[in-house]
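Here is how the chains run, residue by residue.
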Amino acid sequence: MSPHLGFALELIQADVLARHHRILGENVFFLTGTDEHGRKVAEAAGKIGKSPARFSSEIATQFKALTKILNLSNNNFIRTTDKKRHWPVVKKVWLGLKKKGDICKKKYRGLYCVGCEAFITKKDLINGKCVIHQKEPERIEEENYFFRLSKYAKKIEKSIKNNEIKIIPGSRKNEMLSFIRQGLEDVSFSRPRKDLKWGISVPDDDSHTIYCWADALTNYLSGAPGRWPADIHCIGKDIQKFHCLIWPGMLLSLGLKLPRIIFVHGFITVVGQKMSKSLGNVIDPFELVKKYGVDAVRYFLLREIPSTEDGDFTYEKFEARYNSDLAKGLGNLVARVITMVIKSKSVETRYQQTKGNRLFISFVKKTQNKYKKFVENFKFNEALISIWDLISFCDKYIEKERPWEEKENQKEVISNLLFSLSEIAKLLQPFLPETSEKIYQQLKNKKSEPLFPRI
Ligand SMILES: [Zn+2]
């Protein structure tokens with residue numbers, strides 16, 4: 001249950017959005033955290049002879065360490081085991097749903113997937129196995145509290161259809177709409193305490209534990225007090241049903257606003273296969289950052305994995321991207337320009353707006369516009385491609401103008417390149433914050449140090 005590369009991808013994508021919108025002057029609150037209750041955690045702890053409390057604490061420590069090592073700008077980290085901040089909100093939400101008459105007790109017989117931590121239906125099975133977890137579900141018969149999700153089906157459908165909740169990408173939106181059209185059933189919102197001890201008990205009924213999704217989704221309220229509604233939920237496709245259907249249902253029942261955007265990212269495969277412990281192909285983000293540096297990892301994930309689709313990791317692809325785009329492309333351009341500045345002592349090397357070279361200025365403008373559009377449409381890879389187009393534009397410009405020769409326009413050419421470097425640094429800020437800062441420092445100190453040594 002240690003954080004793997006897929007979770008790193010999600011955090012980095014969310015960080016880009018948070019940093020981008022902060023640069024635009026918006027008051028951003030970036031929340032992440034750990035969902036620690038449920039049978040999956042309790043069973044995993046039991047297997048290695050630990051208490052669920054200790055086990056989930058250790059996991060939370062690792063996830064917190066991951067936010068540090070990935071240089072994330074999150075404002076808070078909420079744990080669902082936080083009895084002071086999280087539990088009271090969960091209980092309040094439960095009582096709010098109950099007051100609306102949306103919690104009712106029912107006998108239930110059905111299929112349960114521990115991996116999903118959810119009752120699933122035959123629709124979710126292929127060859128009798130959960131599509132996501134490749135496991136046969138358990139047959140369970142018990143009395144549970146249910147949330148009357150069916151009551152809100154029409155409203156949820158409408159708000160997804162008219163983009164009141166905008167689900168990105170559109171293919172996921174259609175998937176959710178067709179799921180609703182097949183009929184939304186009420187969902188089990190508790191499990192008997194005897195079967196699930198690791199969780200928050202139902203208010204007024206100790207014999208039941210609140211279903212882990214009803215508990216976990218509430219983190220968006222408890223972890224960012226006074227901040228609801230969320231502008232963006234950044235999630236994986238395995239949990240989209242909970243976010244796109246159950247969560248809006250809860251919010252509608254409570255009379256709260258709906259989230260504005262639900263952005264669903266894909267999964268990372270490793271050499272074409274799903275990452276799994278049994279295959280022994282799990283990529284540890286800590287090791288990757290230690291070996292290549294944080295910005296190389298951020299760059300690879302954002303550039304190579306299409307933001308809303310699945311993408312593949314291999315060390316060969318990683319090193320190829322590193323060498324061609326970071327060491328050669330970006331690193332080389334910065335080194336070349338700074339060296340030119342150092343050598344050309346005779347010319348004014350601060351950026352000055354000149355009338356010449358309209359082509360240059362217009363290319364930078366075009367890049368800025370494309371970039372903004374791409375980031376705001378969650379197309380992180382395309383935004384990076386637009387920055388790298390500017391990098392190659394600069395390379396070609398250098399070849400053409402040969403600014404190392406003492407020519408009449410030398411001053412202007414170097415000035416244009418300095419301008420573009422500071423633009424590149426600015427555009428890189430949300431994506432590669434450390435590298436962006438290094439470029440600014442090199443521009444300021446007129447000192448060249450390799451940003452990404454070749455490997
Ligand atoms: Zn499952």
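Reference entry: report on the structure contained in this document. Note that the coordinates shown come from a computational prediction; the quantities given were computed from them, not determined experimentally.

Next up on the list: the coordination of the zinc ion. The zinc ion binds to the protein through Cys113 (SG), Cys116 (SG), Cys130 (SG) and His133 (ND1), with metal-donor distances spanning 2.1 to 2.4 Å. Coordination at the zinc ion is tetrahedral: its 4 donor atoms span angles of 100 to 118° at the metal. Read in sequence order, the donor residues for the zinc ion give the motif C-x2-C-x13-C-x2-H.

In spatial order, the strands read E4-E3-E7-E9; together these 4 strands make up an open sheet with antiparallel pairing. Edge strands, defined here as strands with exactly one partner in the open sheet, are strand E4 (118-120) and strand E9 (187-188). By the bridge criterion, 10 bridges tie strand E3 (residues 103-113) to strand E7 (residues 138-147) in an arrangement that is antiparallel. Looking at E7, one finds that Gly110 is bridged to Ile140. Strands E4, E7 and E9 of the sheet are contacted by helix H9 (residues 240-254), whose axis makes an angle of about 30° with E7.

Here the focus is the pattern of salt bridges. Inspection of the entire model under this criterion finds 30 salt bridges. A salt bridge links Asp205 to Lys105, with the shortest nitrogen-to-oxygen separation between them at 3.7 Å. With Asp205 in strand E12 (residues 205-210) and Lys105 in strand E3, this pair connects stretches of sequence that are 100 residues apart. Two residues, Lys241 and Asp124, come together in a salt bridge whose shortest N-O distance is 2.7 Å. Highlighted residues: Lys241 in helix H9 and Asp124 in the loop between E4 and strand E5 (125-126), separated in sequence by 117 residues. Its relative accessible area of 28% is what places Lys241 among the partly exposed residues. When its relative accessible area of 14% is taken as the criterion, Asp124 is described as buried.

Moving on to the packing of aromatic side chains. Tallied over the entire structure, the rule returns 26 aromatic pairs. On the basis of an interplanar angle of 20° and a centroid distance of 4.6 Å, the ring pair of Phe263 and Phe378 is categorised as stacked. With Phe263 in strand E14 (residues 261-265) and Phe378 in the loop between helix H13 (358-376) and helix H14 (380-401), this pair connects stretches of sequence that are 115 residues apart. On the accessibility criterion, Phe378 (2% relative accessible area) is buried. Connected via pairs of aromatic rings, a cluster forms that spans Tyr292, Phe300, Phe313, Tyr315, Phe318, Tyr322 and Phe452. The ring of Tyr112 carries Arg191 above its face, with NZ or CZ at 4.4 Å from the centroid.

Moving on: unusual backbone geometry. A negative phi holds for most residues other than glycine; trans holds for most peptide bonds. At the junction of Ile168 and Pro169, the peptide bond is cis and its omega measures out at 0° in the coordinates. Locating Pro169 in the fold gives a position in the loop between strand E8 (166-168) and helix H6 (170-181). Backbone geometry places Asn127, a non-glycine residue, at a positive phi of 55°. Tracing the chain through its elements places Asn127 in the loop between E5 and strand E6 (129-130). What makes Asn127 exposed here is its relative accessible area of 75%. Phi at Asp204 is positive, roughly 70°, even though this residue is not glycine. Take Asp204: it is sitting in the loop between strand E11 (201-202) and E12.

What counts and how
Residues numbered from 1 in each chain as written. Predicted model: local features only at pLDDT ≥ 70, side-chain atom pairs only at ≥ 80, totals over all residues. Heavy atoms only, no water. Donors = N, O, S within 2.8 Å, 3.2 Å for Na, K, Ca; no water. Tetrahedral: all angles 85-135°; square planar, octahedral: opposite > 155°, others 65-115°. Pairing = 2+ DSSP bridges. Helix = DSSP H or I, 4+ residues; strand = E, 2+ residues; numbered from the N terminus. Contact = heavy atoms within 4.5 Å. Axes fitted to C-alpha atoms, helices over the stretch in contact; angles between N-to-C directions. Salt bridge = Lys/Arg side-chain N within 4 Å of Asp/Glu carboxyl O. Buried < 20%, exposed > 50% of the residue type's maximum accessible area, 1.4 Å probe, protein only. Phe/Tyr/Trp six-rings, centres within 6.5 Å; stacked < 30°, edge-to-face > 60°. Lys NZ or Arg CZ within 6 Å of the ring centre and 35° of its normal.

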